[in-house]
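# Structure at a glance
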Amino acid sequence: MTGEPLLKVQAVETYYGNIRALSGVDVDVHKGEIVSLIGANGAGKSTLMMTICGSPQARTGQVIFDGEDITRLPTHLIARKRIAQSPEGRRIFPRMTVYENLQMGAGLDNLKYFNEDVEKIFTLFPRLKERQSQRGGTLSGGEQQMLSIGRALMARPKLLLLDEPSLGLAPLIVKGIFEAIKKLNKEEGLTVFLVEQNAFAALKLSDRGYVMVNGKVTMSGTGKELLINPEVRAAYLEGGRH
Ligand SMILES: Nc1ncnc2c1ncn2[C@@H]1O[C@H](COP(=O)(O)OP(=O)(O)O)[C@@H](O)[C@H]1O
Ligand SMILES: [Mg+2]
């Protein structure tokens, strides 16, 4: 891979109080890539995602985005750099309608694109169009995930962070959501960093992947390399969700 990565996580350590959740993590994401981070529950995947967004902040190491050190920036200023995330558990606004949730995702500087962007999201996820006046909390899990991704896209991100988009969803719904991610990447060149316990689906979709164990990256490679790697297969794929 040539050139400076869009996102460079370098020797990052993140703590919750005295407990170290990330122990010297290095991850690169290049422009136009889909990169996945796989690992068991409690490995530190969400912590890395949140550290990139500045909450909690890395205690040591650096997060470089688009050539700029964002390690010590407050979360709202990191968002202004056009890093958007769909967090674990989706975190949509349950009392607001689908349309209002999308409004919440659009930054003030994007208002001139608002109608165009909403239409794009409705084309990507027609279910959201059908349900645009319905409250977020009344949607199915899959629809809430679509809304969470749609809301993140309203920010016109350069980098989209997705934390466990497949969690708790039926395989067919997962397939649809992963196809939408692939489409965004192919057609719009969107760069995606994806956290997943569903290693098979994530690696199949990804250009490259990282494996995290106990707050450390233990392996990395192309999606294909990791899919056929015996250690990865034994730990994350055999008997897992295929
Ligand atoms: N808010 C928190 N306070 C204390 N410990 C936390 C907090 N969030 C996560 N942890 C701990 O940090 C470790 C990594 O958690 P997390 O990043 O959520 O893992 P993953 O997303 O891979 O399941 C776990 O041991 C978890 O218990
Ligand atoms: Mg998590």
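Residues numbered from 1 in each chain as written. Chains lettered and ligands numbered in written order. Predicted model: local features only at pLDDT ≥ 70, side-chain atom pairs only at ≥ 80, totals over all residues. Heavy atoms only, no water.

### Overview of the overall build of the protein chain
For clarity, the cut-off: Secondary structure elements follow DSSP: runs of H or I no shorter than four residues count as helices, runs of E no shorter than two count as strands, and numbering proceeds from the N terminus. Burial classes follow relative accessibility: with a 1.4 Å probe on protein chains only, a residue under 20% of its type's maximum area counts as buried, one over 50% as exposed, and anything between as partly exposed. Two residues form a contact once any of their heavy atoms are found within 4.5 Å.
A count of helical and extended segments in the protein chain gives 10 helices and 10 strands. Referenced to the eigenvectors of the C-alpha coordinate spread, the extents of the protein chain come out at roughly 45 × 40 × 35 Å. Each of the 242 residues in the protein chain was classed as buried or not, and the buried ones make up 51%. When contacts within the protein chain are restricted to residue pairs at least 6 apart in sequence, those whose partners lie at least 24 apart make up 67%.

### Considerations on the environment of A21
Take A21: it is sitting in strand β2 (residues 19-29). On a C-alpha basis, the gap between A21 and N214 in space is 7.5 Å, while along the polypeptide they are 193 residues apart. Ignoring any residue separated from it by four or fewer positions in sequence, one finds A21 in contact with T14, Y15, Y16, A43, G44, T47 and G215.

### Some points on the domain arrangement of the protein chain
This is how it is decided: Domain delimitation follows an automatic or database domain assignment. A quick way to say it: buried area is the sum, across both parts, of accessible area lost when two parts are put together, with a 1.4 Å probe. Any carboxyl oxygen of Asp or Glu that lies within 4 Å of a side-chain nitrogen of Lys or Arg is treated as forming a salt bridge with it. Just so you know the grouping, Ala, Val, Leu, Ile, Met, Phe, Trp, Tyr, Cys and Pro go in nonpolar, Asp, Glu, Lys and Arg go in charged, and all remaining residues, Gly too, go in polar.
Here the protein chain is described as being made up of domain 1 (1-82 + 158-235) and domain 2 (91-156). The C-alpha centroid of domain 2 is placed 23 Å from the C-alpha centroid of domain 1. If you look at the interface, domain 1 gives 14 residues, while domain 2 gives 14 residues. Around 1,100 Å² of area is buried between domain 1 and domain 2 when both sides are counted, 70% of it from carbon and sulfur atoms. Area buried by domain 1 at its contact with domain 2 is led by R82, I177 and L184, which between them contribute 38% of it. Where domain 1 touches domain 2, the interface holds 1 salt bridge. A salt bridge links E188 to K120; the nearest nitrogen and oxygen atoms lie 3.6 Å apart. Elements represented by at least two residues in the side of domain 1 that touches domain 2 include exactly β7 (159-163) and α7 (171-188). The leading source of residues in the side of domain 1 that touches domain 2 is α7, at 6 residues. Considering only residue class, the side of domain 1 that touches domain 2 consists of 9 nonpolar, no polar and 5 charged.

### Structural notes on the sheet that holds β2
Just so we agree on the cut-off: For two strands to be treated as a pair, DSSP must find no fewer than two bridges joining them.
Taken together, 4 strands build an open sheet; the order of strands is β2-β1-β4-β5 and the sheet is antiparallel. Of all strands in the sheet, those with a lone pairing partner are β2 and β5 (68-69), marking the two edges. Pairing between strand β1 (residues 7-16) and strand β4 (residues 60-65): 5 bridges, direction antiparallel. When the sheet's bridge partners are listed, K8 is paired in β4 with I64.

### Comments concerning the packing of aromatic side chains
Defined as follows: Working definition: rings of Phe, Tyr and Trp (its six-membered ring) pair if their centres are within 6.5 Å, and the pair is stacked with planes under 30 degrees apart, edge-to-face with planes over 60 apart, and tilted otherwise. Note on criteria: charge over ring means Lys NZ or Arg CZ within 6 Å of the ring centre, with the direction from the centre no more than 35 degrees off the ring normal.
Under the counting rule described, the total for this entry stands at 1 aromatic pair. Taking 5.8 Å as the distance between ring centres and 80° as the angle between the ring planes, the aromatic pair formed by Y99 and F114 counts as edge-to-face. Of this pair, Y99 sits in helix α3 (residues 98-105) while F114 sits in helix α4 (residues 114-124), and the two are 15 residues apart along the sequence. Positioned above the aromatic ring of Y15, the side-chain terminus of R59 is 3.8 Å from the ring centre.

### Some points on unusual backbone geometry
Geometrically, the link from S55 to P56 is a cis peptide bond, its omega value of 5° lying close to zero. Positive phi values are uncommon outside glycine, yet A11 reaches one of about 50°. As for its position among the elements, A11 is in strand β1. Residue A11 is classed as partly exposed on the basis of its relative accessible area, which comes to 38%. The backbone phi angle of E164 is positive, close to 55°, even though this residue is not glycine.

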